[in-house]
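Each chain is listed here by its residues.
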Amino acid sequence: MRIDILCLFPEMFVSPFSHSIVKRAEERGLVQVVAHNIRDYTHDRHGTADDYPYGGGAGMVLKPEPVFEAAEHIGQLTGVDNIPVVLLTPQGRPFTQRIAAGLSEYANLMLICGHYEGIDERVAENLATDEISIGDYVLTGGELAAMVVVDSVVRLIPGVLGSDESVTDDSHADGLLEYPQYTRPERYRGWDVPPILLSGNHGEIAAWRRRQSLLRTAARRPDLLEKATLTDKERAWISDNS
Ligand code: ADE
């Protein structure tokens, strides 16, 4: 997969993708992440990428021309069109594991990071195919949001995680929060690992984990529980136990 990111601060992406799983995926040729500076597509000597908002108001607005020109130039370089072009904005639809999984199936992806007060609406209407928010709070720019999207998408690309780093048990993979995890030592400061996990009984361990997932989701994220696919028995069990 090739991911092109259009932004005003491409150097922000160097460190986050120079470690761990994303780095390993790049080294193995499974993903290529290229950050482009929108300012490189401006035509005046000051590299002006923003301007005052029509109608007045505070802050500056990212101009449409350099964003369109950058996207078109990259489209010519990569020779592909009809790819997802995602605008990161607090006004987008909330990012979820399901959206990450959908994006991970494409060979190419383009992310556009807004900055300042916003980005000219014609980018959202005529260039972006999707608008995504990573949460109900406002960042100073879309770069951090793009990092979140890249990280969560890359780990879902087949072959990126080893078999011992399976994604199927992840929180949110099946619409539920993940069960609690423990590692050695068996007793730490008097706190014991739940004995069932030491029993070697895989059936009972799986059942315990499923119950923990259900209880945890009911307690912390009842909104998720409504949408998750549970058996009638599981729903009844939750109302008896939480
Ligand atoms: N840009 C600024 N805030 C954002 C958010 N919450 N999600 C995505 N992009 C953003």
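Predicted, not measured: the structure shown is a model, and the values here were computed from it.

A. Region of the structure containing the site of the ligand. Around the ligand sit 13 residues, and of these Thr89, Ile134, Gly135, Tyr137 and Leu139 come closest. One nitrogen or oxygen atom from the main chain of Ile134 is found 3.0 Å from a nitrogen atom belonging to the ligand. With respect to the ligand, the backbone of Leu139 contributes an N or O atom lying 3.0 Å from a nitrogen atom. Here the ligand, which alone exposes 260 Å², has 96% of that area covered by the protein. Those elements giving two or more residues to the shell around the ligand turn out to be β5 (85-94) and β8 (130-133). Broken down by element, the shell around the ligand gets its largest block of residues, three residues, from β5. Taken together, the residues that form the shell around the ligand break down as eight nonpolar, five polar and no charged.

B. A look at the domain arrangement of the chain. Taken as a whole, the chain is organised into domain 1 (2-154) and domain 2 (169-241). The centre of domain 1, based on its C-alpha atoms, is set 36 Å off from the matching centre of domain 2.

C. Just the environment of Asn82, in detail. Tracing the backbone through its elements, the reader meets Asn82 in the loop between α2 (64-78) and β5. Asn82 gets classed as exposed once you look at its relative accessible area, which sits at 77%. For the pair Asn82 and Pro94, spaced twelve residues apart in sequence, the C-alpha separation works out to 22 Å.

D. Representation of the pattern of salt bridges within the structure. Tallied over the entire structure, the rule returns ten salt bridges. For Arg155, the salt bridge goes to Asp170, with nearest N and O atoms at 2.8 Å. With Arg155 in the loop between α5 (143-154) and β9 (187-188) and Asp170 in the loop between α5 and β9, this residue pair connects regions lying 15 residues apart in the sequence. Of the charged contacts, one joins Asp223 and Arg221 as a salt bridge, the two residues approaching to 2.9 Å between their closest N and O atoms. The class for Asp223 is partly exposed, based on a relative accessible area of 34%.

E. Quick peek at the packing of aromatic side chains. In total, this model carries two aromatic pairs according to the counting rule given. Each ring, one from Tyr188 and one from Trp191, has its centre 6.0 Å from the other, and the planes form 55 degrees; the classification is tilted. Given the relative accessible area of 42%, Tyr188 is considered partly exposed.

F. The pairing of β5, seen in detail. Note that β5 and strand β6 (residues 108-113) share four bridges and pair parallel. Of the residues in β6, the one forming a bridge with Val86 is Leu111. Sheet analysis places β5 next to β8, joined by five bridges and oriented parallel. Looking at the pairing, Val86 lines up with Asp130 of β8.

G. Quick peek at the sheet that holds strand β4 (residues 61-62). Taken in spatial order, the three strands of this open sheet run β3-β4-β7, and their pairing is mixed. Each having just a single partner strand, β3 (50-51) and β7 (118-119) make up the two edges of the open sheet. Bridge count for β4 against β7 is two bridges, and the pairing is parallel. Note on β7: the bridge partner recorded for Leu62 is Ile119.

H. Summary view of the side chain of Ser133. Locating Ser133 in the fold gives a position in strand β8. By relative accessible area, which is 4% here, Ser133 ends up buried. Ser133 has contacts with Thr89, Pro90, Gly92, Arg93, Pro94 and Phe95, leaving out every residue within four places of it along the chain.

Quick notes on the rules
- Residues numbered from 1 in each chain as written.
- Predicted model: local features only at pLDDT ≥ 70, side-chain atom pairs only at ≥ 80, totals over all residues.
- Heavy atoms only, no water.
- Near = heavy atom within 4 Å.
- Polar contact = N/O pair within 3.5 Å; in protein donor to acceptor, adjacent residues only side chain to side chain.
- Areas by Shrake-Rupley, 256 points an atom, 1.4 Å probe, with all protein chains shown as cover.
- Helix = DSSP H or I, 4+ residues; strand = E, 2+ residues; numbered from the N terminus.
- Nonpolar A, V, L, I, M, F, W, Y, C, P; charged D, E, K, R; others polar.
- Domains from an automatic or database assignment.
- Buried < 20%, exposed > 50% of the residue type's maximum accessible area, 1.4 Å probe, protein only.
- Salt bridge = Lys/Arg side-chain N within 4 Å of Asp/Glu carboxyl O.
- Phe/Tyr/Trp six-rings, centres within 6.5 Å; stacked < 30°, edge-to-face > 60°.
- Pairing = 2+ DSSP bridges.
- Contact = heavy atoms within 4.5 Å.

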